[in-house]
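A structural walkthrough
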Amino acid sequence: FAQDVAAGKSSFNKCLACHAVGEGAKNKVGPELNGLNGRKSGSVAGYSYSDANKNSGLTWDEATFKDYIKDPKAKIPGTKMAFAGIKKETEINDLWAFLAQYTAD
Ligand code: HEM
């Protein structure tokens, strides 16, 4: 899995302008992404979500994340995340491997 995580880290460069993850991660344009696996959508304290994201009823896990990141506006209509998504299955898998390393603080 080491290779996947490394590729996922580099894919995360596409997210870095808006998201932080890892020790000391703060909310930026978007919420911090620690502990994403099992986290309820719209639940990061101190981050001001859109109603669409807040009320989506999703819990982030491998399946919901992969579906979301393919086409964020399709999964959460009305999201304020201005990102077209990632279409390549392998890149999505690597990104999940990278993000899933970071448990809740
Ligand atoms: C929300 C992941 C790129 C801005 C989210 C959420 C996830 C996520 C999982 C939902 C968080 C939650 O419910 O707590 C990612 C990943 C990205 C990426 C993995 C790169 C592949 C970006 C970029 C931007 C951005 C480039 C800014 C241009 C936002 C914003 C929200 C958000 C503003 C909150 C949406 C709302 O409240 O409607 N992102 N994101 N994201 N993201 Fe991203």
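What this report covers is the structure whose coordinates are included nearby. (Residues numbered from 1 in each chain as written. Predicted model: local features only at pLDDT ≥ 70, side-chain atom pairs only at ≥ 80, totals over all residues. Heavy atoms only, no water.)

Let's shift gears to the packing of aromatic side chains. If you walk through the whole model with that rule in mind, you get 5 aromatic pairs. With 4.7 Å between their ring centres and 75° between their planes, Tyr47 and Tyr49 make a pair best called edge-to-face. The two residues Tyr47 and Tyr49 agree in class, both being buried. With centroids separated by 5.4 Å and ring planes inclined at 75°, the aromatic side chains of Phe98 and Tyr102 adopt a geometry described as edge-to-face. According to the relative accessible area criterion, Tyr102 is partly exposed, its value standing at 25%. Members of the aromatic cluster, joined through ring pairs, are Phe12, Phe98 and Tyr102. (Phe/Tyr/Trp six-rings, centres within 6.5 Å; stacked < 30°, edge-to-face > 60°. Buried < 20%, exposed > 50% of the residue type's maximum accessible area, 1.4 Å probe, protein only.)

Scope: geometric values only; no functional claims are made or implied.
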